[in-house]
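Okay, here's what each chain looks like letter by letter:
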Amino acid sequence: MIKNPILRGFCPDPSIIRVNDTYYIATSTFEWWPGVRLFESHDLKNWTQIRSPLRRESQINLIGDPPSGGVWAPCLSYDGKRFYLVYTDVKTKKGRFYNTNNYVVWTEDIYGDWSDPVYLNSIGFDPSLFHDTDGKKYLVNMINGFKGITVQELDPDSLMPLGERTEVYHGSGIGCLEGPHIYHIKDRYYLIAAEGGTGYEHCVTMAGAASVYGPYVTCPDNPVLTSDRDGVLQKCGHADIVETPDHEWYMVHLCSRPVKAINGCLLGRETAIQAMEQDENGWFRTKHGTRFGMEETEEPKSVKECKNTESVSDFTDHFDETEIKNIYSSLRWDYNEFASIDVSRNKMRIRGEESLNSLHHVSLLATRQQTVSCRAETVMDFEPHHYEELAGITYIYDNLNFYIWGKTVSEDGRPVLVLLKSDKGDITDMITPVDIDDGEIKLGIKTDGIDITFYYEQHGILKEIEEKGCTGLLTDEHCRGFTGAHFGMYVHDMLEKKAVAEFGYWSIGEIKGE
């Protein structure tokens with residue numbers, strides 16, 4: 001059996017393809033750089049993160065994008081020669097106007113560099129690219145304001161629009177129609193979309209038509225997939241389907257696993273998978289017989305001997321490679337601009353710039369939280385000369401909601417540890433600064449999914465801070481966001497933007513049996 005979620009912690013809006021015997025999934029990254037996470041698998045069970053496609057400012061400029069703006073719902077596709085990625089850069093997402101700029105990039109080598117983007121339109125978020133069996137290509141859009149789905153043919157070479165947009169579907173009546181994908185299976189066209197909003201009423205709608213331009217008729221037993229309110233997987237929706245070499249069908253979809261004690265989703269929105277089959281009328285159904293996202297689903301016939309491997313939720317980096325690993329993310333700009341690895345000394349060097357509540361140049365190298373109970377730890381050498389210089393470890397949802405556990409100096413120059421909390425942008429000190437010595441110090445944060453404990457070690461003496469944080473601060477519900485919690489190495493220098501901290505290792509992993 002395949003255990004869900006297959007992609008844990010902040011991996012929403014999955015788009016899946018198969019090329020020969022390899023499956024690829026693309027997920028949203030929002031304001032986190034690099035843009036779009038890519039994963040590969042040979043069995044649909046075990047997934048490895050590979051190089052992200054949007055790694056140049058010419059492809060995506062996230063500077064100034066709001067929390068949970070940026071890269072929404074990428075669509076990954078393949079036409080037999082090229083891989084294509086369609087994505088939205090959301091510049092505003094509140095109030096009456098959404099500014100949703102849509103682009104496409106491509107490559108012949110999914111592990112290499114991708115092209116600069118071609119601008120498509122700004123009609124709405126969640127666009128997808130459909131390659132029909134006759135070689136024609138179509139851009140599928142939702143209209144801002146959830147006003148419907150459009151189809152427009154594209155020139156196969158330039159990807160420029162051909163002809164007019166045609167409105168083809170207005171939803172099943174549930175509301176919040178988004179995330180459309182079109183498929184041509186045998187003599188029928190299928191449209192899969194998300195409805196119900198991306199919260200607890202989220203679901204997957206399916207419709208069918210004889211032509212790519214419709215009219216699309218909703219599946220009579222809609223929704224195809226949603227959530228059992230008593231189940232572990234909630235918010236099930238925003239789906240894509242893929243066929244195995246043995247002609248089995250699978251649906252990947254967004255889900256969340258709320259922590260009941262804090263009434264929120266600390267891990268953000270994740271990716272799960274369900275085995276599907278077609279009924280006598282061609283509609284897709286789950287093989288387990290319900291419309292609910294389940295924690296386990298059947299594996300493909302050809303890979304029954306495979307077992308789920310250990311998740312990368314247990315990860316330690318000793319900085320022994322020159323290139324920064326794929327698992328890391330930064331806020332809005334390229335982490336190579338402020339972070340580098342000194343392989344000869346096994347050190348990660350991070351130069352500080354703006355503070356963590358900035359929407360521009362924040363020096364944060366982070367990994368997403370993948371398990372509810374976990375610990376993040378590092379050892380750091382940092383010699384600040386001014387109280388506007390700070391380095392340490394952070395537990396963050398976005399620029400408005402975070403904890404900083406770090407070293408700075410007092411106004412009279414004494415080295416101290418400070419613990420800061422930002423709740424919807426209101427930053428406060430949680431403790432009186434702790435006097436420490438100069439030199440190397442170990443900093444750590446651990447949580448059981450509810451309480452947060454901050455600790456440090458110097459000269460072989462381990463100490464925990466009595467004051468606890470609460471993970472409720474870092475949930476989708478509290479932040480009204482679309483991402484998830486991260487731990488990271490962080491530096492700011494609000495004086496001259498040149499202070500450097502050195503980190504000796506980075507470790508994040510699940511806490512078991514405590």
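Residues numbered from 1 in each chain as written. Predicted model: local features only at pLDDT ≥ 70, side-chain atom pairs only at ≥ 80, totals over all residues. Heavy atoms only, no water.

Asker: Even after reading the chapter, I still don't get the nonpolar core, so can you show me in this structure?
Answerer: Across soluble globular proteins, nonpolar side chains have a tendency to be buried as a group. Among the nonpolar cores identified, the biggest contains 70 residues, and Tyr328, Trp405 and Trp506 are the most heavily contacted of them. Formed by 36 residues, the second largest nonpolar core is a distinct cluster that contains Leu191, Ala193, Leu420 and Tyr490. (Core = buried A, V, L, I, M, F, W, Y, C linked by side-chain atoms within 4.5 Å. Buried < 20%, exposed > 50% of the residue type's maximum accessible area, 1.4 Å probe, protein only.)

Asker: For this particular structure, what's the right way to read the packing of aromatic side chains?
Answerer: The geometry of two aromatic rings is summed up by the distance between their centres and the angle between their planes. Tallied over the full model, the rule gives 26 aromatic pairs. Relative to tyrosine 138, the ring of phenylalanine 130 has its centre 6.0 Å away and its plane inclined at 25°; by these criteria the two rings are stacked. A relative accessible area of 4% places phenylalanine 130 in the buried class. The class for tyrosine 138 is buried, based on a relative accessible area of 4%. (Phe/Tyr/Trp six-rings, centres within 6.5 Å; stacked < 30°, edge-to-face > 60°.)

Asker: Just to check I follow, could you spell out the pattern of salt bridges for this structure?
Answerer: Between side chains of opposite charge, a pair can form as their charged atoms come close. For the coordinates displayed, the defined rule picks out 30 salt bridges. A salt bridge links lysine 137 to aspartate 79; its shortest N-O distance comes to 2.9 Å. Here aspartate 79 lies in the loop between strand E7 (70–78) and strand E8 (83–92) and lysine 137 lies in strand E12 (residues 137–142), a separation of 58 residues in the sequence. Look at lysine 137 and you get buried, because its relative accessible area is 4%. According to the relative accessible area criterion, aspartate 79 is partly exposed, its value standing at 34%. In this structure, the salt-bridge partner of aspartate 476 is lysine 235, at a minimum N-O distance of 3.9 Å. (Salt bridge = Lys/Arg side-chain N within 4 Å of Asp/Glu carboxyl O. Helix = DSSP H or I, 4+ residues; strand = E, 2+ residues; numbered from the N terminus.)

Asker: So what exactly am I meant to see when it comes to the sheet that holds E12 here?
Answerer: By way of backbone hydrogen bonds, the strands of a sheet pair with one another, either parallel or antiparallel. In space, the 4 strands of this open sheet follow the order E11-E12-E13-E14, with antiparallel pairing throughout. The sheet terminates laterally at strand E11 (128–131) and strand E14 (161–169), the two strands that pair on one side only. The average undirected angle you get between the axes of adjacent strands in this sheet is 25°. As paired strands, E11 and E12 are joined by 4 bridges and run antiparallel to one another. Its bridge partner being in E12, serine 128 is matched across the sheet by valine 140. (Pairing = 2+ DSSP bridges. Axes fitted to C-alpha atoms, helices over the stretch in contact; angles between N-to-C directions.)

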